[in-house]
Amino acid sequence: MSRSAHPAGPRHADVLTEGHYSAPAADLNVLDEKVWSRTVTRDADGALTVGGIAVARLAEEFGTPAYFLDESDFRARCRAWSEAFGPDADVFYAGKAFLSRAIVRWLKEEGLNLDVCSGGELTTALDAGMPAERIAFHGNNKTAAEIERAVEAGVGRIVLDSFQEIVRVAHIARSHGVRQRVQIRVTVGVEAHTHEFIATAHEDQKFGIALADGQAAEAVRRALGLDSLELIGIHSHIGSQIFDMAGFEVSARRVVQLLAEVRDEHGVELPEIDLGGGLGIAYTSDDDPREPHEIAKALSDIVTRECESAGLRTPRISVEPGRAIVGPTAFTLYEVGTIKPLEGLRTYVSVDGGMSDNIRTALYDAEYSVALVSRTSEAEPMLVRVVGKHCESGDIVVKDAFLPADLAPGDLIAVPATGAYCRSMASNYNHALRPPVVAVRDGEARVIVRRETEEDLLRLDVG
Ligand code: LLP
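In this report, the structure presented in the accompanying data block is examined. (Residues numbered from 1 in each chain as written. Predicted model: local features only at pLDDT ≥ 70, side-chain atom pairs only at ≥ 80, totals over all residues. Heavy atoms only, no water.)

1. A look at the site of the ligand
So, step 1. With respect to spatial proximity, 18 residues lie near the ligand, and among them E320, R323, R360, Y364 and Y421 are the closest.
So, step 2. Here an oxygen atom of the ligand and a side-chain polar atom of R360 are 2.6 Å apart.
So, step 3. Taking 590 Å² as the accessible area of the ligand by itself, protein coverage stands at 90%.
So, step 4. Considering only residue class, the shell around the ligand consists of five nonpolar, seven polar and six charged.
So, step 5. In terms of domain composition, the shell around the ligand takes at least three residues from each of domain 1 (41-70 + 327-458) and domain 2 (138-321). (Near = heavy atom within 4 Å. Polar contact = N/O pair within 3.5 Å; in protein donor to acceptor, adjacent residues only side chain to side chain. Areas by Shrake-Rupley, 256 points an atom, 1.4 Å probe, with all protein chains shown as cover. Nonpolar A, V, L, I, M, F, W, Y, C, P; charged D, E, K, R; others polar. Domains from an automatic or database assignment.)

2. Focus on the packing of helix 4 (residues 119-127) against helix 5 (residues 144-153)
When two helices pack together, their arrangement is given by the angle between the helix axes and the distance between those axes.
So, step 1. Interaxial distance between helix 4 and helix 5 falls to 10 Å at its minimum, and their mutual angle equals 25 degrees. One element, helix 4, and the other, helix 5, form an angle in the roughly parallel class. Crossing handedness for the pair helix 4 and helix 5: left-handed. Between helix 4, through G119, L122, T123 and L126, and helix 5, the contact on the second element is made entirely by E146, R149, A150 and A153.
So, step 2. Of the residues assigned to the contact of helix 4 with helix 5, the class counts are four nonpolar, two polar and two charged. (Axes fitted to C-alpha atoms, helices over the stretch in contact; angles between N-to-C directions. Helix = DSSP H or I, 4+ residues; strand = E, 2+ residues; numbered from the N terminus. Parallel < 35°, antiparallel > 145°, perpendicular 65-115°, else oblique. Left-handed = near helix turned anticlockwise from the far one by under 90°. Contact = heavy atoms within 4.5 Å.)

3. A word on the side chain of T347
So, step 1. Mapped onto the elements, T347 comes out in strand 18 (residues 347-351).
So, step 2. In this structure T347 comes out as buried when scored by relative accessible area, which is 10%.
So, step 3. Residues within four places of T347 in sequence aside, it is in contact with I339, K340, P341, L342, M382, L383, V384 and R385. (Buried < 20%, exposed > 50% of the residue type's maximum accessible area, 1.4 Å probe, protein only.)

4. Digging into the nonpolar core
So, step 1. The biggest cluster of nonpolar side chains holds 111 residues, and the ones touching the most others in it are F74, Y93, I158, I184 and I413.
So, step 2. A per-element tally of this core places helix 8 (residues 246-266) first, with nine residues.
So, step 3. Residue contributions to this core reach at least three from each of two domains, namely domain 1 (41-70 + 327-458) and domain 2 (138-321).
So, step 4. Among the nonpolar cores identified, the runner-up in size contains 22 residues, and L48, V55, A371 and V438 belong to it. (Core = buried A, V, L, I, M, F, W, Y, C linked by side-chain atoms within 4.5 Å.)

Take a look at the structure:
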């Protein structure tokens, strides 16, 4: 996945060379279980069902576009992560991927902790009853009011991101008569995305305090010197959509080196290490993510090995998967509106949503899959670009994919693996109404985030 944003200019000439896209699947009707949530299947009529409900019924009841979230899959993934890491580690779901009060309740029931990074996420978590001690509060520029709220609520940890924040949090904690548990986020000089990682020269970013030049060691020194802070460990987060564990290896090695320096200088062994999130999922059949138990084993082996060689007790590990839990559990359902075959190029399929419900394609050149889901078809594959209804050529949902050539207006198509960073990054561009999120489980569907209405738009516009 390329991370480079592009100017939102005309992209009509941007026709990829042949071979950029994968060849069509042998049978377009097959729903690859790697990219679809676990209860998705086709019924006897060929229509996609999720949680036992056919998409036509879902579209009729909830409209399109809409996100359908497979609740039992979400819960199963939570359990898989917490079982894989076991009782001696902590899994924090990263709420930025997608957060709602129902999600918070499921996390609570499944025994996960929650990472929030804004006052809004914190409010959602607390309102839905997440115990404050199970919440980690992140962010590179938390406001004083947000810190105050987190301290008052009694969050389990605040992840300190800068020298100023060390002082700010210490001051607010002192004024509340609290000793606040904190971690320090360090920049380990590793940047990892998908199959690649780069292990040098990535201090040039806004998050964390660099390990380089003794800065992180200085941050530890300052935090340890402040009575109102209880420094419980070091945090690092190296990137997104990562498949290659080598980046975590380098990161863990560098964090453990810091723990050893802290022990040598202060005689303190910090008890925890947080390796962040970023674990990849399958957006297309070409992606091969690892299972949580493999990831847990790899991470704990790396930390144990590094600690043994540094003569340290192995700290308690925490991780913060967002995408890997919620990403695969939802798909976006669209209705096909217009179809434009461009001779010798491709066919543009316009749907009733677009970059307002999935900005990731425009923003990151992200790859997605798509399938015709209201029926099966034996027609030949045609190369399509699925685009939205926004006034912008960069309004692309799926850049290159194959759909059956008999696709027609009114057909329902679905884009899988849209559970993470789609609704949470959705916008009102062109006054689009953000789609609902509907949870489906055991034959029942219920709205957990309702569709925006035109009244919602007008309510914010005070005239
Ligand atoms: N922990 C920290 C400190 C993070 O900054 C993030 C993501 C996570 C955990 C969760 O990462 P995940 O497991 O979900 O990859 N909007 C982008 C992703 C931005 C991620 C920012 N931080 C996207 O759509 O790909």
